[in-house]
Amino acid sequence: MSSSNDVTVTLPADVNMVDETGYVWTFLHEAAEPDRVIPGALIVAGDPIEPFLARVVDIIDGPRGTSVVHLDVLGVPEDAIDELRHARLLPQ
Amino acid sequence: MPDDLTPIEDKLRPGEILDPASHLIMRGWPVTVEGMLANADRTRVRYSLAGEPFVAISAEVTMAGWDVDSILMGSRLRSRRSYAITRVGDLVAAGFDLAPTFQAPHYSVLLPSYTREAAERLVEVFGEVKPNPYFRRKEP
């Protein structure tokens, strides 16, 4: 497991923040590489200390020309690593 | 004042009354000054209250159908290693108002101002950060 100093989240977000959709929301412009954040994409979001794994649900217009990203929280990155190892898609 | 902020008044759940002594308010990581300020900044950029930017952070309150365990084991908070919890009454006594926003059990905790001092006070009221016993456990 990397230390938090090494972790780069694709999209900064706060798992506590939901809107009327029930999904976590954040702003697209906070992503260092916004091109990675597209509907349907599986991304690492949150903060470097406690990142989470999320599916990008949609991207909608926000205030002042911003874009709001909705995220479906799937778990933590370790969950995906465990599953990929189980499927032998990653070294044991 | 930009006119394209979404009024939070349109997102309130009417008629909810909290008991300051028995209702608990909780928040998953981050429970830090920087985390609170980042949350409040996003919220004030998107929403307004009474025509002004809505300076608030997101949290969840125990209520009918939502106890501490069910909130912690929910799909979002079970991704948190840690969380903090306090009584609604303690938060209100410290000068923070609450608003029932979006879907239960979500609440917004209003900051009196977007300042480091207000965020520090909020972190102080939430108190000790505890380990989440449901971290990474699947929903039943």
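Our subject is the structure that appears above.
Here the structure is a predicted model, which is why all the values come from computation and not from measurement. (Residues numbered from 1 in each chain as written. Chains lettered and ligands numbered in written order. Predicted model: local features only at pLDDT ≥ 70, side-chain atom pairs only at ≥ 80, totals over all residues.)

> Please clarify how the overall build of chain B should be interpreted in this entry.
Helix and strand content of chain B: four helices and nine strands. Computed over its C-alpha atoms, the radius of gyration of chain B comes to 15 Å, within 12% of the 14 Å expected for a compact globule of 140 residues. Based on the C-alpha atoms only, the size of chain B along its principal axes is roughly 45 × 30 × 30 Å. The long-range share in chain B, meaning contacts at least 24 apart out of those at least 6 apart in sequence, stands at 78%. (Helix = DSSP H or I, 4+ residues; strand = E, 2+ residues; numbered from the N terminus. Rg over C-alpha atoms; globule rule 2.2 N^0.38 Å. Contact = placed C-beta atoms within 7 Å.)

> How should I be thinking about the environment of Leu28(A) in this particular structure?
Residue and element names in this part refer to chain A. Within the secondary structure layout, leucine 28 lies in the loop between β2 (24-27) and β3 (42-46). With 16 C-beta atoms packed within 10 Å, leucine 28 lands in the partly exposed category. Once residues lying within four places of it in the same chain are set aside, the contact partners of leucine 28 are Pro34, Val37, Ile59, Ser67 and Val69. (Buried ≥ 20, exposed ≤ 12 C-beta atoms within 10 Å, placed from the backbone.)

> What should I look at first to understand the nonpolar core in this one?
The nonpolar side chains of a soluble globular protein tend to be buried with one another. Counting 33 residues, the largest nonpolar core has Val109(B), Leu111(B) and Leu122(B) as its most contacted members. Counting residues per element, the ones that place at least two in this core are β2 (24-28), α1 (33-46), β5 (56-61), α2 (68-72), β6 (82-87), α3 (88-93), β8 (106-110) and α4 (116-126) of chain B. In terms of nonpolar packing, the next biggest core, distinct from the first, is built from 22 residues, Met17(A), Val37(A), Ile43(A) and Phe102(B) among them. (Core = buried A, V, L, I, M, F, W, Y, C linked by C-beta atoms within 7 Å.)

> Honestly, the interface of chain A and chain B in this entry has me stumped. Any pointers?
Accessible area lost on assembly of the parts is the figure often given for the size of an interface. Between chain A and chain B, the residue contacts involve 22 residues of the former and 25 residues of the latter. Put simply, the parts of the chain that give the side of chain A that touches chain B at least two residues each are β2 and β5 (67-75) of chain A.

> How should the pairing of β5(B) be read in this particular structure?
All names here are of chain B. Among the six residues in β5, six count as buried, and that is most of the element. Side-chain alternation along β5 places Ala56, Ser58 and Glu60 on one buried face and Ile57, Ala59 and Val61 on a second face that is also buried. With two bridges connecting them, β2 and β5 associate as antiparallel partners. In the strand pairing of β5, isoleucine 25 is matched with valine 61. (Pairing = 2+ DSSP bridges.)

> Just to check I follow, could you spell out α1(B) for this structure?
Note on helix geometry: an α-helix contains 3.6 residues per turn, so any two residues three or four positions apart are oriented the same way. Between its first and last C-alpha, α1(B) extends 20 Å over 14 residues, near the 20 Å set by a 1.5 Å rise per residue. Among the residues making up α1(B), those that are buried are Gly35(B), Met36(B), Leu37(B), Ala38(B), Asn39(B), Ala40(B), Arg42(B), Thr43(B) and Arg46(B). For α1(B), the secondary structure elements touched by its buried residues are β2 and β5 of chain A together with β1 (6-7), β3 (47-49), β5 and α4 of chain B. (Expected span 1.5 Å × (residues − 1).)

> Looking at this structure, I do not really get the packing of α1(B) against α4(B). What am I missing?
The axes of two packed helices give the description: the angle between them and the distance between them. Residue and element names in this part refer to chain B. Contact geometry of α1 with α4 gives a least axis separation of 9 Å together with a crossing angle of 120°. Regarding the angle of α1 to α4, the classification is oblique. Judged by the twist between their axes, the crossing of α1 over α4 is right-handed. On α4, the residues touching Val33, Met36 and Leu37 of α1 are Arg116, Ala119, Glu120, Leu122 and Val123. A class-by-class count of the residues in the contact of α1 with α4 yields six nonpolar, no polar and two charged. (Axes fitted to C-alpha atoms, helices over the stretch in contact; angles between N-to-C directions. Parallel < 35°, antiparallel > 145°, perpendicular 65-115°, else oblique. Left-handed = near helix turned anticlockwise from the far one by under 90°. Nonpolar A, V, L, I, M, F, W, Y, C, P; charged D, E, K, R; others polar.)

> Can you walk me through α4(B) in this structure?
Residues and elements named next belong to chain B. The complete set of buried residues in α4 reads Ala118, Ala119, Leu122 and Phe126. Looking down the long axis of α4, one finds its buried residues gathered within 95° of arc, a one-sided arrangement. Exposed positions of α4 whose direction lies more than 90 degrees from the buried face are Arg116, Glu117 and Glu124. Where α4 is buried, its residues touch β2, α1, β6 and β8. Of the residues flanking the end of α4, it is glycine 127, one or two places downstream, whose phi is positive at about 75°. (Arc of directions from axis to C-beta.)

> Teacher, can you tell me more about the sheet that holds β1(B) here?
Strand pairs in the sheet, formed through backbone hydrogen bonds, run parallel or antiparallel to each other. All names here are of chain B. Taken together, three strands build an open sheet; the order of strands is β1-β3-β4 and the sheet is mixed. The strands lining the two open edges of the sheet, one partner per strand, are β1 and β4 (52-53). Here β3 pairs with β4 via two bridges, running antiparallel. Across the sheet, leucine 49 pairs through a bridge with glutamate 52, a residue of β4.

> Help me understand the environment of Arg80(B), please; the structure alone is not making it clear to me.
For Arg80(B), the position within the fold is in the loop between α2 and β6. Residues Arg80(B) and Phe135(B) lie 55 residues apart in sequence; the distance between their C-alpha atoms is 5.9 Å.

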